[in-house]
Structures are given as C-alpha cells and as structure tokens.
Amino acid sequence: MSLAYVMTTERGATDRLLTALAERLQARGLRLAGIVQTNTECYDDKLCDMDVRVLPGDEVIRISQSLGPEARGCRLNPGALEQAVGQVTESLAQTPAPQVLLVNKFGKHEADGRGMRPVIGEALAMGIPVVSGVNRMNVEAFKDFSGGMAEAAEADLDALEAWVMQAVKTPAE
C-alpha cells in the first residue's frame, strides 16, 4: 500500500503544495485522479471560499457555502463535496487507470467515514498510490483509517514528487 500524508502549519499551505504537485505530475505525463483545493479570501480575514479542481481536468466545484458572518458551524457544502467525490470515483474506472490519487484533505467528513474516504480505499485496493493532506484535528483518525500504513511525507514539493515517482515505479504488494 502506497499512502502518504502531508501536514503544514500555515493556512492554505497544504492546498498550495498539493496543487503544485498536481501541476508537476501532470507535466510529467502522469494520469491523475482526485481533487486539489483553492481558497479565495472572503469578507473577513478568517473565512474563505473553498473550491476544488477535479483531476485530471479543470472543472472547479465550490465546496463551501456562505452561512453569514456570525455563523460558527462548518461551512463545507456536503452535496458539493459528494459531487466531486462522484466524479473522482468515476475517474478511477477509466482505462487506463489513474497512476496517482491526490486528496486535498482528510478532514472531518472523511474522519466520519464520508467524503473522499471510500475513494482513498478504492484507489489503494487498485494499487494506486495516494497522497492526502491531513489537518492536525484529524491526523489520529487518518492514522486509524490507514491502519498505521501511511507514511508522513515531508511538506516539500520536490520530496513529494520523489515519493510519488518512487511509488508509481513500485508494483503494488
């Protein structure tokens, strides 16, 4: 099983890192599946609009919803996330199959068994290497999900690219 996760401390850094990784891997000609996220600042410095690009294409889906400036709950739009999940699931069935799955974040939705979690499991069962962002609040849930098999990857573009290239060349065990 080839499963790596990356964590950063700066807001939005994991999203930028995985987007840059997707661009590099596509430039190398690798077949990608998954989602990468872009954040756009909103009306205050604490909130942002969250958009995901469904790989390998350029379709963008807004996965956040505006709940108003006083809202305290999660801004994730679960329906929009599930739309992206459905498209990624379909891409795993393409021929030839993707060589790498990138997941913007193993977040609360995934920790609760939803979102991209089933897609990650399906990709791993197919022998497709997976790179996922993980936030500190959900790292233990991610480790439980992976059964301790996931590797903590360095939050560095060159290091992540090297990990992917090695994982793609290594046959599934």
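Only a predicted model underlies this, so the values are computations on that prediction, with no experimental measurement involved.

Engineer: Explain the nonpolar core to me, and be specific about the residues and the numbers.
Structural biologist: Core analysis: the largest hydrophobic core is formed by 29 residues, its most contacted members being Ile35, Leu101, Met116, Ile120 and Val130. Sorting the residues of this core by element identifies strand S1 (3-6), strand S2 (32-41), strand S3 (48-55), helix H2 (78-92), strand S5 (100-106), helix H4 (117-125), strand S6 (130-134) and helix H5 (139-146) as the ones contributing at least two each. It is H2 that contributes the most residues to this core, 6 residues altogether. Core analysis: the next-biggest nonpolar cluster, separate from the first, contains 21 residues, Leu25, Val36, Leu55 and Leu157 among them.

Engineer: Account for the pattern of salt bridges, naming residues and giving values.
Structural biologist: Within the structure shown, the criterion is met by 9 salt bridges. Across the pair Arg16 and Glu10 runs a salt bridge, and its minimum N-O distance is 2.8 Å. Judged by its relative accessible area of 53%, Glu10 is exposed. Across the pair Arg24 and Glu161 runs a salt bridge whose closest N-O atoms are separated by 2.8 Å. Pair noted here: Arg24 is in helix H1 (residues 13-27) and Glu161 is in helix H6 (residues 157-169), with a separation of 137 residues, a long-range link. Here the salt bridges share partners, and the residues they tie into one network are Arg24, Arg28, Asp158 and Glu161.

Engineer: Pulling in residues and values, what's your account of the pairing of S5?
Structural biologist: Most of S5 sits inside the fold, with 6 of its 7 residues counted as buried. Pairing between S5 and S6: 4 bridges, direction parallel. Counterpart to Leu101 in the pairing with S6 is Val130.

Engineer: Outline the packing of aromatic side chains, listing residues and values.
Structural biologist: What the rule picks out here adds up to 4 aromatic pairs. When the ring of Phe142 is compared with that of Phe145, the centres are 6.4 Å apart and the planes differ by 45°; the resulting orientation is tilted. With Phe142 and Phe145 both in helix H5, this residue pair falls 3 residues apart, about one helical turn. Residue Phe142 is classed as buried on the basis of its relative accessible area of 0%. A relative accessible area of 22% means that Phe145 is categorised as partly exposed. Three or more aromatic residues link up through ring pairs in this structure, and these residues are Tyr5, Phe106, Phe142 and Phe145.

Engineer: Which residues make up the side chain of Ser132, and what values do they have?
Structural biologist: Position of Ser132 among the secondary structure elements: in strand S6. Since its relative accessible area comes to 0%, Ser132 is described here as buried. Setting aside its immediate chain neighbours within four residues, Ser132 contacts Ala4, Tyr5, Val6, Leu18, Val103, Lys105, Phe106 and Phe142.

Quick notes on the rules
Residues numbered from 1 in each chain as written. Predicted model: local features only at pLDDT ≥ 70, side-chain atom pairs only at ≥ 80, totals over all residues. Heavy atoms only, no water. Core = buried A, V, L, I, M, F, W, Y, C linked by side-chain atoms within 4.5 Å. Buried < 20%, exposed > 50% of the residue type's maximum accessible area, 1.4 Å probe, protein only. Helix = DSSP H or I, 4+ residues; strand = E, 2+ residues; numbered from the N terminus. Salt bridge = Lys/Arg side-chain N within 4 Å of Asp/Glu carboxyl O. Pairing = 2+ DSSP bridges. Phe/Tyr/Trp six-rings, centres within 6.5 Å; stacked < 30°, edge-to-face > 60°. Contact = heavy atoms within 4.5 Å.

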